[in-house]
Amino acid sequence: MLDPFVTLEEAGFSLRGSGGVDRLAGWSPELIAGLDWARLSELARAIASTAGCELAGSKIMPDGAVHFGMIEEPRSPKARRAMVKIAAWNEWGATPETVQKFAQEVSTARNTRGILIAPAGFSPAALRTAQELRIEAVDAVALDGAVRALPGDKSDFLFVVTTAGDFSMPTCPVCMKKLQRVEQESLALASRTIDADGLIADVVVCDRLEIASGCEVTFLQEVRARSITVSGHASGDFVCEGPVTLEKGGTLSGKVAARSLVVRDGGELLGQFRILEGDLGSFAKPAVRWHWRCAGVDGQRQCAWVVFEPHQ
């Protein structure tokens, strides 16, 4: 089994720092969550290799998810198999459905435990599901702690290699070339109902937003709507041109700015609220959005299907 650190050093990279620079100071959960999926995959494999695990090859999916197997403590009586999965790029975080799907994949392998890496984090419901299904949940905070716990020279070296070049621009999982940023304008302003748990990374601008009963959702970017009705559980930052209504059993946490707030019996506001005044202007103004796409220079038809949303 090749030691990736020795192999890279023989290829001309040095494990020695220069000028006494503390490269380790650059690690952070935010940096790790902002990595290209390919860089994050190699970082996870390097951490496992340093821990003494024997690694199998990686399987790369068209959505940027990565699977690989490994044997933990291979030369001891406690040796056991593990299946590792890195969440797909357009998910990056984990919902209960993400955990359940992975648990089903793990169940097809005999005497194997599952490790799910979701850099953007796990919703509370996803963590509960992971615990119930005995799936180890690993986010960017856990990876940051693991890489900082490595021997100093290897931690420093991994930081240099991981952050070399454009380490945040995602790679095409088909042709393995860097994706390109493509901008587009969007004028649509429709109503939107959310009835499934999850993390929503895209920009939400809509006429009427409704969070269904029993649903737990976290918005990673500011939400703008003409009216908002919450019957489930929502967290994030919200700007509402009209009223925000919290129905029975509905909770809203975060920063909320709206014309008015209606809290029904059993509803609860857990964040900051302020009344909006003055003209907000039209929410339907053209908004420039962008995404990552593959240039397809190799002529592979599957490259045209690769569309990655930006991470924040």
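These numbers come from a predicted model, not from an experiment.

Draft legend 1. Representation of the overall build of the protein chain. If you tally the helices and strands in the protein chain, you get 7 helices and 19 strands. Here the protein chain holds 312 residues, and the buried ones make up 42% of them. By sequence separation, contacts in the protein chain at least 24 residues apart represent 42% of the contacts at least 6 residues apart. For the protein chain, the exposed surface amounts to about 16200 Å²; the carbon and sulfur share of it is 50%.

Draft legend 2. Looking closely at the nonpolar core. Within the largest apolar cluster, 40 residues are counted, with the highest numbers of intra-cluster contacts made by Trp27, Leu40, Leu43, Met70 and Ile117. Broken down by element, this core gets its largest block of residues, 8 residues, from helix H3 (residues 37-50). Methionine 70 has contacts with Ala48, Cys53, Glu54, Leu55, Arg80, Arg81, Ala82, Val84 and Ile115, leaving out every residue within four places of it along the chain.

Draft legend 3. Structural context of the state of the cysteines. In total, this model carries 0 disulfides according to the counting rule given. Note on cysteine 206: no disulfide assigned, nearest cysteine sulfur contributed by cysteine 240 at a separation of 8.9 Å. Take cysteine 294: it sits in no disulfide, and the sulfur closest to it among the cysteines is that of cysteine 175, at 3.6 Å. You can call cysteine 294 buried: its relative accessible area is 16%.

Draft legend 4. Representation of the packing of aromatic side chains. Summed over all chains, the structure comprises 5 aromatic pairs. For the ring pair tryptophan 27 and phenylalanine 159, a centre distance of 5.2 Å and an interplane angle of 75° mean the geometry is edge-to-face. Within this pair, whereas tryptophan 27 is found in the loop between helix H1 (4-10) and helix H2 (29-33), its partner phenylalanine 159 is found in helix H7 (residues 152-162), the two being separated by 132 residues in sequence. Take phenylalanine 159: its relative accessible area is 10%, and that puts it in the buried class. Seen from their ring centres, phenylalanine 219 and phenylalanine 238 are 5.7 Å apart, and the 85° between their planes marks the pair as edge-to-face.

Draft legend 5. Examining the side chain of threonine 95 more closely. If you trace the backbone, threonine 95 turns up in the loop between strand S4 (93-94) and helix H4 (96-107). Looking at threonine 95, its side chain comes within polar contact range of the side chain of threonine 98, at 3.0 Å. When sequence neighbours within four positions are dropped, the list of residues in contact with threonine 95 reads Ser123, Ala126, Asp197, Gly198 and Leu199.

Draft legend 6. Seen up close, the environment of asparagine 90. As for its position among the elements, asparagine 90 is in the loop between strand S3 (80-86) and S4. Each C-alpha atom of the pair asparagine 90 and alanine 201 lies 8.3 Å from the other, and the pair is 111 residues apart in sequence. Setting aside anything within four residues of it in sequence, one finds asparagine 90 in contact with Val307, Phe308 and Glu309. At a separation of 3.0 Å, a polar atom in the side chain of asparagine 90 contacts the main-chain carbonyl oxygen of valine 307.

Draft legend 7. Molecular detail of the sheet that holds strand S7 (residues 135-138). One open sheet accounts for 5 strands, arranged S1-S2-S3-S5-S7; its pairing is mixed. The open sheet has two free edges, formed respectively by strand S1 (54-60) and S7, since each of these has just one partner strand. Strand-to-strand twist across the sheet, computed as the mean angle between neighbouring axes with direction ignored, equals 20°. Of the strand pairs in this sheet, S1 and strand S2 (residues 66-72) are connected by 5 bridges, and their pairing is antiparallel. Counted as the bridge partner of isoleucine 60 is valine 66 from S2. Against the sheet, H3 contacts S1, S2, S3 and strand S5 (112-117), and its axis sits at roughly 165° relative to S1.

Draft legend 8. Representation of the confidence of the model for the protein chain within the structure. With 86% of its residues at a pLDDT of at least 70, the protein chain reaches an overall mean of 86. Between residues 1-24, whose pLDDT stays under 50, and residues either more than four places distant or in other chains, the model counts 23 contacts.

Draft legend 9. Expanded view of the packing of H3 against helix H6 (residues 140-148). Between H3 and H6, the shortest axis-to-axis distance is 10 Å and the interhelical angle comes to 50°. The orientation of H3 with respect to H6, classified from their angle, is oblique. Crossing hand, H3 versus H6: left-handed. Residues Leu40, Leu43 and Ile47 of H3 form the contact with H6, whose participating residues are Leu143, Ala146 and Val147. Tallied by class, residues from the contact of H3 with H6 come to 6 nonpolar, no polar and no charged.

Rules behind the numbers
- Numbers given for residues are sequential positions, taken from 1 along each chain in its written order.
- Under the rules for a predicted model, residues below a pLDDT of 70 receive no local features and side-chain atom pairs below 80 are neither given nor counted, while totals for whole chains, interfaces and linings still include all residues.
- As a rule here, side-chain values cover all heavy atoms of the structure and leave hydrogens and water aside.
- To qualify as a helix, a DSSP run of H or I must reach at least 4 residues; to qualify as a strand, a run of E must reach at least 2; elements of each kind are numbered from the N terminus.
- Accessibility here uses a 1.4 Å probe with only protein chains present; expressed as a share of the type maximum, an area under 20% marks a residue as buried, one over 50% as exposed, and anything in between as partly exposed.
- In this description, contact between two residues means that some pair of their heavy atoms is separated by no more than 4.5 Å.
- Here the Shrake-Rupley method, with its probe set to 1.4 Å, supplies the accessible areas, and only the displayed protein chains count as covering residues.
- Nine residue types can take part in a nonpolar core, namely buried Ala, Val, Leu, Ile, Met, Phe, Trp, Tyr and Cys, and a core is a set of them joined through side-chain atoms within 4.5 Å.
- In what follows, a disulfide is any cysteine sulfur pair within 2.5 Å.
- Two rings belonging to Phe, Tyr or Trp (six-membered ring only in the last case) form a pair when the distance between their centres is within 6.5 Å. Interplanar angles under 30 degrees mark stacking, angles over 60 mark edge-to-face geometry, and anything in between is tilted.
- What qualifies as a polar contact is a pair of N or O atoms within 3.5 Å, subject to a donor-acceptor requirement within protein and to the restriction that residues adjacent in sequence count only when both atoms come from side chains.
- Strands were regarded as paired on the criterion that DSSP finds at least two bridges between them.
- What counts as an axis is a line fitted to C-alpha atoms, over the stretch in contact for a helix, and the angles between N-to-C directions run from 0 to 180 degrees.
- The predictor rates its confidence in each residue with pLDDT, a number between 0 and 100.
- In this scheme, roughly parallel covers angles under 35 degrees and roughly antiparallel covers those over 145, while 65 to 115 is roughly perpendicular and the rest are oblique.
- If you view the pair so one helix is near and one far, a crossing is left-handed when the near helix is turned anticlockwise from the far one by less than a right angle, and right-handed when it is turned clockwise.
- When residues are grouped by polarity, Ala, Val, Leu, Ile, Met, Phe, Trp, Tyr, Cys and Pro land in nonpolar, Asp, Glu, Lys and Arg in charged, and all others, Gly among them, in polar.

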